[in-house]
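The chain contents come next:
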Amino acid sequence: MSENIEVQHAPAHDRFEITVDGKLAGTAACIDADGVRSFTSTHVADEFGGRGLGSQLVDFALQATVDDGLKIQPICSFVVKKVEDEKWKPHVVRL
């Protein structure tokens, strides 16, 4: 049986969210200011751990940030690791 996984930007909550079968599985908190989206924390609920959901969530959030014309400021250690990928480097603002 296949799961329904959805990722979306929830700007009213200053985060991106990933759901599995309608249940909130994880979040990537962010703050937008002055053309920069700062990622402050990423969390995946224990029951959903080890399934790559955090990577799916952050990949979506990073691409959405670039698509929105914003720079990426990685503060959260998970996002810091993700932006080491060469494709994100032109879009990253360091602290």
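Further up the page is the structure itself.
What counts and how
- Residues numbered from 1 in each chain as written.
- Predicted model: local features only at pLDDT ≥ 70, side-chain atom pairs only at ≥ 80, totals over all residues.
- Heavy atoms only, no water.
- Helix = DSSP H or I, 4+ residues; strand = E, 2+ residues; numbered from the N terminus.
- Rg over C-alpha atoms; globule rule 2.2 N^0.38 Å.
- Buried < 20%, exposed > 50% of the residue type's maximum accessible area, 1.4 Å probe, protein only.
- Contact = heavy atoms within 4.5 Å.
- Areas by Shrake-Rupley, 256 points an atom, 1.4 Å probe, with all protein chains shown as cover.
- Lys, Arg positive; Asp, Glu negative; His and termini not counted.
- Charge placed at Lys NZ, Arg CZ, Asp CG, Glu CD.
- Salt bridge = Lys/Arg side-chain N within 4 Å of Asp/Glu carboxyl O.
- Pairing = 2+ DSSP bridges.
- Axes fitted to C-alpha atoms, helices over the stretch in contact; angles between N-to-C directions.
- Phe/Tyr/Trp six-rings, centres within 6.5 Å; stacked < 30°, edge-to-face > 60°.

Asks: I'd like a rundown of the overall build of the protein chain, residues and numbers included.
Replies: When its secondary structure is counted, the protein chain shows 2 helices and 5 strands. Secondary structure elements of the protein chain occur, N-terminal to C-terminal, as β-β-β-β-α-β-α. What you see for the protein chain is a C-alpha radius of gyration of 13 Å, in line with the 12 Å of a compact globule of 95 residues. Buried residues in the protein chain amount to 38% of all 95 residues. When contacts within the protein chain are restricted to residue pairs at least 6 apart in sequence, those whose partners lie at least 24 apart make up 39%. Carbon and sulfur atoms form 50% of the exposed surface of the protein chain, whose accessible area is close to 5500 Å². For the protein chain, the distance from the average site of its 10 positive side-chain charges to the average site of its 15 negative ones is 5 Å.

Asks: Pulling in residues and values, what's your account of the pattern of salt bridges?
Replies: Evaluation of the coordinates by the stated rule reveals 8 salt bridges. The shortest N-O distance in the salt bridge between Arg51 and Glu3 comes to 2.4 Å. Taken as a pair, Arg51 in the loop between β4 (36-44) and α1 (53-67) and Glu3 in the segment before β1 (5-10) lie far apart in primary sequence, 48 residues in all. With a relative accessible area of 35%, Arg51 lands in the partly exposed category. The class of Glu3 is partly exposed, set by a relative accessible area of 38%. Its salt-bridge partner being Arg15, residue Glu17 comes within 2.7 Å of it at the nearest N-O pair. Where salt bridges share partners, they join Asp32, Arg37 and Asp68 into one cluster.

Asks: Report on the sheet that holds strand β2 (residues 15-20), specifying residues and quantitative values.
Replies: With respect to topology, 5 strands assemble into an open sheet ordered β1-β2-β3-β4-β5, the strand pairing being mixed. For this open sheet the edge positions go to β1 and β5 (71-74), each flanked by a neighbour on one side alone. The average undirected angle you get between the axes of adjacent strands in this sheet is 25°. Alignment of β4 against β5, held across 4 bridges, turns out to be parallel. Its bridge partner lying in β5, Val36 is registered against Lys71. Strands β1, β2, β3 (23-33), β4 and β5 of the sheet are contacted by α1, whose axis makes an angle of about 165° with β4.

Asks: Can you explain the packing of aromatic side chains? Please cite residues and give values.
Replies: With the rule as written, the count across this model stands at 2 aromatic pairs. Arranged with centres 6.1 Å apart and planes meeting at 70°, the rings of Phe16 and Phe60 form a pair that is edge-to-face. With Phe16 in strand β2 and Phe60 in helix α1, this pair connects stretches of sequence that are 44 residues apart. Judged by relative accessible area, Phe16 falls into the buried class, the value being 0%. Chaining the aromatic ring pairs together yields one cluster made of Phe16, Phe39 and Phe60.

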